[in-house]
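Residue strings, one per chain:
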Amino acid sequence: MTTERATNMSKSLFYQFNSSLDMCFRLHFDKHSDKHNHESDNSHIIKSLSAKSNLKDFAHDFATYIKKEYSVKLIKDITPQMCENYIKSKYDTCSLKTIKCYQSNLLKLQKCASTAFHIPKLDFSVSIDESKIEKIETIKQYSFTNEEMRKILAAPRKCESLSALRLAYDLGLRVGSLSRIEVRQINFQNNTLLVYKDKGNRSRTLHFNEDTAKFLRQQIRGKQPQDKLFNVRPGSINTYLRRRAIACNIKNELGQYKTGVHSIRKLAAENFHARNGNDLGKTMKMLGHNEDRKSLEDTYLHSKK
């Protein structure tokens, strides 16, 4: 192994994936010639900036899961079963189309890492049990209403998942971010929350009001700076949300129970957008997207109810 490869493999799991993707990227790769060259295998090559960016976003989520669930530090130690369990963790919250995309991304990560670091036996192949995937392609088009969220949050018994949903409603956080927030990321002097290395390894700072500050002060009682704000996993939060939607009989126009923290995130985006003069740039920044992502306006600000 070269010095560069040895150095990369000594870094964090995401850094290793990130390096392998950079090493396999070809900005001006001749896709036409490659298509007609049947003797060469260039399946590890990444041929566009958008593809590399999407793979890095995926790699960050995958690396975070592997590190948290298995404490694995090296790509070579990731097993097919770990990959299988990662895919299964998405069954309750992702559509079949999205999960198949994740399956493809895993194979691309495998090829890039195997080529970059010379790991010939690396295997990220997974199978998908379609019977266990909820048909949420249409459900994801819907967001909750403010009245529906008031019903969900009015649960008779408090728990960590309920508290996480409260913060998702206030600040529009992703479900993965909710489970990773640490007490030290909260600044009560400025009433801000640092969302550290969110999707795509991007960090951002969110401002919260006094009601949210009061809630957060109650939530951190007895906790140390390095402690998690919510001691709960992403899957548990979404499972709890679904149970509350069923208990409150919250359905869309098709008669399906609304579900998914992402649907709360859409409502939070709508509320933030209205409070901030319908400034699309500010809203996209709050969500953790590039400010010029006008293509996401319909997704977040014009959802079905």
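Residues numbered from 1 in each chain as written. Predicted model: local features only at pLDDT ≥ 70, side-chain atom pairs only at ≥ 80, totals over all residues. Heavy atoms only, no water.

1. Some thoughts on the sheet that holds strand 1 (residues 186-187)
Now for step 1: Strand order across the open sheet formed by three strands is 1-2-3, with antiparallel pairing between neighbours. If you trace the sheet from one side to the other, it starts and ends with strand 1 and strand 3 (204-207), each paired once.
Now for step 2: Note: strand 2 (residues 192-195) against strand 3, four bridges, orientation antiparallel. Within strand 3, the position partnered with Leu193 by the bridge is Leu206. (Pairing = 2+ DSSP bridges. Helix = DSSP H or I, 4+ residues; strand = E, 2+ residues; numbered from the N terminus.)

2. Considerations on the environment of Ala268
Now for step 1: Within the secondary structure, Ala268 sits in helix 12 (residues 261-275).
Now for step 2: Take Ala268: its relative accessible area is 4%, and that puts it in the buried class.
Now for step 3: Sequence spacing of Ala268 and Leu173 is 95 residues, and the spatial spacing of their C-alpha atoms is 8.6 Å.
Now for step 4: Dropping the residues within four chain positions of it, Ala268 is found in contact with Ala168, Tyr169, Leu171, Gly172 and Met286. (Buried < 20%, exposed > 50% of the residue type's maximum accessible area, 1.4 Å probe, protein only. Contact = heavy atoms within 4.5 Å.)

3. Notes on the packing of aromatic side chains
Now for step 1: This structure, assessed with the given rule, holds eleven aromatic pairs.
Now for step 2: Aromatic pair Phe58 and Tyr102: ring centres 5.3 Å apart, planes at 40°, arrangement tilted. Of this pair, Phe58 sits in helix 4 (residues 49-70) while Tyr102 sits in helix 6 (residues 96-117), and the two are 44 residues apart along the sequence.
Now for step 3: One aromatic cluster in this structure is built from Phe17, Phe58, Phe62, Tyr65, Tyr70, Tyr86, Tyr102 and Phe124.
Now for step 4: Positioned above the aromatic ring of Tyr15, the side-chain terminus of Lys11 is 5.8 Å from the ring centre. (Phe/Tyr/Trp six-rings, centres within 6.5 Å; stacked < 30°, edge-to-face > 60°. Lys NZ or Arg CZ within 6 Å of the ring centre and 35° of its normal.)

4. What about the pattern of salt bridges?
Now for step 1: Throughout the structure, instances matching the rule amount to 14 salt bridges.
Now for step 2: Here Asp22 makes a salt bridge to Lys52, at a shortest N to O gap of 3.6 Å. Of this pair, Asp22 sits in helix 2 (residues 13-23) while Lys52 is found in helix 4, placing the two residues 30 residues apart along the sequence.
Now for step 3: Exposure remark for Asp22: the relative accessible area of 35% places this residue in the partly exposed category.
Now for step 4: On the basis of relative accessibility, which here comes to 16%, the residue Lys52 falls in the buried class.
Now for step 5: Between Arg166 and Asp170 there is a salt bridge whose closest N-O contact spans 2.8 Å. Taken as a pair, Arg166 and Asp170 lie in helix 8 (residues 160-171) at a separation of four residues, close to a single helical turn.
Now for step 6: Each of Arg174, Arg180, Asp198 and Arg204 takes part in one network of salt bridges that share partners. (Salt bridge = Lys/Arg side-chain N within 4 Å of Asp/Glu carboxyl O.)

5. With respect to the nonpolar core
Now for step 1: Ranked by internal contacts, the top residues of the largest apolar core, which has 45 residues, are Leu165, Leu167, Leu173, Leu178 and Leu193.
Now for step 2: When contributions to this core are tallied by element, the ones reaching two or more residues are helix 7 (146-153), helix 8, strand 2, helix 10 (210-219), helix 11 (234-247), helix 12, helix 13 (280-287) and helix 14 (297-301).
Now for step 3: Looking at this core element by element, the count peaks at seven residues for helix 8.
Now for step 4: Ignoring anything within four residues of it in the chain, the contact list for Leu167 reads Gly172, Leu173, Leu178, Ile181, Leu193, Thr212, Phe215, Leu216, Leu229 and Phe230.
Now for step 5: Core analysis: the second largest hydrophobic core is formed by 37 residues, Phe25, Phe58, Cys112 and Leu122 among them. (Core = buried A, V, L, I, M, F, W, Y, C linked by side-chain atoms within 4.5 Å.)

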